[in-house]
Amino acid sequence: MGIDTERDIEANLQIGPTDKGMVRLYIEATGIEIPMDFEPDEAIEIAEEIRAAAEAARKAGGRRGKRR
């Protein structure tokens, strides 16, 4: 399985600050919970990577306005 492999799995993603000054990405799917904590600078880098990937997808003719 790679980044381009589509899967039929539903998951929730929550993002927010922790009480310890970290940024948490919390992923929940059937039978699994994954809390991932990052330093604020790391979270900013991740956000920049997401933005760059979104722009690349848009240029490649990605879907607009549709959520998976």
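Owing to the predicted nature of the structure, the values given are computational and were not obtained by experimental measurement.

## Details of the overall build of the chain
- Across its full length, the chain holds 1 helix and 3 strands.
- Counting helices and strands in the order they occur from the N terminus, the chain gives β-β-β-α.
- Out of the 68 residues belonging to the chain, those deemed buried represent 7%.
- Here the analysis covers contacts within the chain between residues at least 6 apart in sequence; of these, 4% occur between residues at least 24 apart.

## Details of the sheet that holds strand 3 (residues 32–38)
- Pairing is antiparallel across the open sheet formed by 3 strands, whose spatial order is 1-2-3. Edge strands, defined here as strands with exactly one partner in the open sheet, are strand 1 (11–17) and strand 3. The mean inter-strand angle of the sheet, taken between neighbouring strand axes irrespective of direction, is 15°.
- Pairing of strand 1 with strand 2 (residues 23–29) involves 7 bridges; the strand directions are antiparallel. In the sheet register, Ile15 faces strand 2, and the bridge partner there is Leu25.
- Here helix 1 (residues 40–59) sits on the sheet in contact with strand 2 and strand 3, set at roughly 110° to strand 3.

## Points about the environment of Asn12
- On the secondary structure map, Asn12 appears in strand 1.
- C-alpha of Asn12 to C-alpha of Glu33: the two residues are 21 residues apart in sequence and 9.5 Å apart in space.
- Residue contacts for Asn12: discarding those within four places in its chain leaves Tyr26, Ile27 and Glu28.

## A short note on the environment of Arg24
- Within the element layout of this structure, Arg24 appears in strand 2.
- With 19 residues separating them in the primary sequence, Arg24 and Ala43 have C-alpha atoms 8.7 Å apart.
- For Arg24, the contacting residues outside a window of four places in its chain are Gln14, Ile15, Gly16, Thr18, Pro35, Met36 and Asp37.
- Polar contacts involving the side chain of Arg24 include one to the side chain of Asp37, which spans 2.5 Å.

Cut-offs applied
Residues numbered from 1 in each chain as written. Predicted model: local features only at pLDDT ≥ 70, side-chain atom pairs only at ≥ 80, totals over all residues. Heavy atoms only, no water. Helix = DSSP H or I, 4+ residues; strand = E, 2+ residues; numbered from the N terminus. Buried < 20%, exposed > 50% of the residue type's maximum accessible area, 1.4 Å probe, protein only. Contact = heavy atoms within 4.5 Å. Pairing = 2+ DSSP bridges. Axes fitted to C-alpha atoms, helices over the stretch in contact; angles between N-to-C directions. Polar contact = N/O pair within 3.5 Å; in protein donor to acceptor, adjacent residues only side chain to side chain.

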